[in-house]
Amino acid sequence: MKPTVHSIAAHAGVSLATVDRVLNARPGVRAATRARVEAAVEALGFVRDVAAANLAKGRIYPFTFILPANDNSFMRELRSQVLDAASRAGVERTRIDIVDVPAFDGAALVAALQQVAETGPAGVALVAVDAPEVAEAVAQLRQSGVPVVTLVSDLSSSERDHFAGIDNIAAGRTAASLLGRFLSGCSGSVAILAGSMLVRDHRERFEGFCAVMAAEFPSLTLLPVLEGLDDPLRVEALLREQFASHDILGLYSLGAGNRGLVRALETLEASKRPAVIAHELTQTTRAALERGLMDAVLNQDAGHEVRSAIRVLKAKADGAAVVAAQERIRLDIFLKDNLP
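Residues numbered from 1 in each chain as written. Predicted model: local features only at pLDDT ≥ 70, side-chain atom pairs only at ≥ 80, totals over all residues. Heavy atoms only, no water.

Draft legend 1. Summary view of the overall build of the chain. If you tally the helices and strands in the chain, you get 14 helices and 12 strands. Taking as baseline every contact in the chain between residues at least 6 positions apart, the subset at least 24 positions apart corresponds to 68%. With an accessible surface of roughly 15700 Å², the chain has 52% of that area assigned to carbon and sulfur atoms. Averaged over its 36 positive side-chain charges, the chain has a centre that lies 8 Å from the centre of its 40 negative ones. (Helix = DSSP H or I, 4+ residues; strand = E, 2+ residues; numbered from the N terminus. Contact = heavy atoms within 4.5 Å. Areas by Shrake-Rupley, 256 points an atom, 1.4 Å probe, with all protein chains shown as cover. Lys, Arg positive; Asp, Glu negative; His and termini not counted. Charge placed at Lys NZ, Arg CZ, Asp CG, Glu CD.)

Have a look at this one:
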């Protein structure tokens, strides 16, 4: 049976009020009595439910989410999930603020972290730009006692408390395995489209993709990475130029800007369209799968990531343990045939 404050009181031979004073570090308890209660806590294996205690006290958790402001369908969905969580603030005892920063802008992210620190949040979640100055700002925030969770894109340093996102190296390896099988027996060029190699999730996907392609599909040649900055117009222009100068058999879009990708694919004759692997199931990528413009989409659940970030920030604020299995973010693979 799980030990309770009643069993502690009985084991130590004290009143419930005395147990409460010891557990909450309040004065008015003799040293010998306090030692008896602490010994009973250890002997019974009592673990205090800090979250429940805070709920009883009416504690509110002020959290800040720092999100990139750009025309990225997945990031818009992430923002929607944060707003949905904010709408449940009364039930979850949270107050969630959103701070917008330009995408892929390390300096702007540092400035936002420094401004947020002045408000005294109970925790911060951010989509990271993997730069030394960002890591330093995160380290300073944590040194001041504020837990930090990275969302979607992580930091190379270990300064943050938790990463809520998929295994991006595994995602890149999965993309390569799929694309290589789609192009089985073929020799030719493969295009790679990223948002920016400044963010760790894109670099890790690229790393995993290159490793599998080199080891298992050496007949396929990888072209230099195109950085579209998640801008559909830029993506379209870059791809049109590459399609005009290369005979491309396959394409891996490891970032966003997929509306531009679709428009570029539409300019090609059906017989010359490459096999395409993309990320995130959005309205654009779903339609592309249904039309045969894309062959597979790798997806992460934005809602799960936001809920995970909030759970972890609450646990860190309370000094409680994080349940690793509950916070593992799954990678889903969607084809035209298994769309939800």
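That covers the picture; the talk isn't over yet.
Draft legend 2. Representation of helix α8 (residues 132-143). Taking 1.5 Å per residue, 12 residues should reach 16 Å; α8 reaches 16 Å between its end C-alpha atoms and fits that length. As for α8, its buried residues are in contact with α7 (106-117), β3 (123-126) and β4 (148-151). Gly145 occupies a position one or two residues after α8 and carries a positive phi of about 95 degrees. (Expected span 1.5 Å × (residues − 1).)

Draft legend 3. A look at the packing of helix α9 (residues 168-182) against helix α10 (residues 200-216). Packing of α9 against α10 brings their axes to within 7 Å, and their N-to-C directions diverge by 40 degrees. For the element pair α9 / α10, the angle class is oblique. Seen along the crossing, α9 lies across α10 with a hand that is right-handed. Taken together, the residues of α10 that come into contact with α9 (itself represented by Asn168, Ile169, Ala171, Gly172, Arg173, Ala175, Ala176, Ser177, Leu179 and Arg181) are Asp201, Glu204, Arg205, Glu207, Gly208, Phe209, Ala211, Val212, Met213 and Glu216. Taken together, the residues that form the contact of α9 with α10 break down as 9 nonpolar, 4 polar and 7 charged. (Axes fitted to C-alpha atoms, helices over the stretch in contact; angles between N-to-C directions. Parallel < 35°, antiparallel > 145°, perpendicular 65-115°, else oblique. Left-handed = near helix turned anticlockwise from the far one by under 90°. Nonpolar A, V, L, I, M, F, W, Y, C, P; charged D, E, K, R; others polar.)

Draft legend 4. Quick peek at the packing of helix α5 (residues 73-87) against helix α14 (residues 302-318). The interhelical angle for the contact between α5 and α14, taken along N-to-C directions, is 45 degrees, at an axis separation of 9 Å. By the criterion of interaxial angle, the relationship of α5 to α14 is oblique. The handedness of the crossing between α5 and α14 comes out as right-handed. Contacts between α5 and α14 involve Phe74, Glu77, Leu78, Gln81, Val82 and Ala85 from the first element and Ala302, Gly303, Glu305, Val306, Arg307 and Ile310 from the second.

Draft legend 5. Highlighting a nonpolar patch on the surface. Nonpolar side chains collect at one region of the surface, where Phe182, Ile333 and Leu335 lie side by side and expose about 230 Å² of accessible area between them. On the secondary structure map, Leu335 appears in the segment after β12 (332-334). The class of Leu335 is partly exposed, set by a relative accessible area of 31%. (Patch = residues over 30% accessible without salt bridge, like charges linked within 9 Å, V, L, I, M, F, W, Y side chains within 5 Å. Salt bridge = Lys/Arg side-chain N within 4 Å of Asp/Glu carboxyl O. Buried < 20%, exposed > 50% of the residue type's maximum accessible area, 1.4 Å probe, protein only.)

Draft legend 6. Structural detail: the pattern of salt bridges. Applying the stated rule across the entire model yields 17 salt bridges. One salt bridge in this structure joins Asp71 and Arg76, with 2.8 Å as the shortest N-O distance. Among the residues examined, Arg76 registers a relative accessible area of 42% and is labelled partly exposed. Through salt bridges that share partners, Asp154, Arg160, Arg200 and Glu204 make up one connected network.

Draft legend 7. Up close: the domain arrangement of the chain. Each domain of the chain was delimited in the assignment, giving domain 1 (5-48), domain 2 (58-164 + 302-329) and domain 3 (168-300). Domain 1 and domain 3 are separated by 61 Å when their C-alpha centres are compared. (Domains from an automatic or database assignment.)

Draft legend 8. Main features of the sheet that holds β4. The sheet built from 5 strands is open, its strands ordered β2-β1-β3-β4-β5 with parallel pairing. This sheet does not close on itself; its edge strands, each paired only once, are β2 (94-102) and β5 (162-164). On average, each strand axis in the sheet is inclined to that of its neighbour by 20 degrees, with strand direction left out of account. Alignment of β3 against β4, held across 3 bridges, turns out to be parallel. (Pairing = 2+ DSSP bridges.)

Draft legend 9. Broad picture of the side chain of Glu236. The topology assignment puts Glu236 in helix α11 (residues 232-245). Overall, Glu236 belongs to the buried group, its relative accessible area being 13%. Apart from residues no more than four positions distant in its own chain, Glu236 is found in contact with Gly260, Arg263 and Ala264.

Draft legend 10. Quick peek at the pairing of strand β11 (residues 296-299). Across the two faces of β11 the burial is the same, with Ala296 and Leu298 and Val297 and Asn299 all buried. Two elements, strand β10 (residues 275-279) and β11, share 3 bridges in a ladder whose sense is parallel. Each residue of the ladder has a partner; that of Ala278, found in β11, is Val297. Considered for its hand, the β-α-β crossover made up of β10, helix α13 (residues 283-291) and β11 is right-handed. Taken together, the 3 bridges between β11 and β12 define a ladder with antiparallel strand orientation. Paired with Asn299 across the strands is Asp332, a residue of β12. (Right-handed = clockwise from strand over helix to strand, strands pointing away.)

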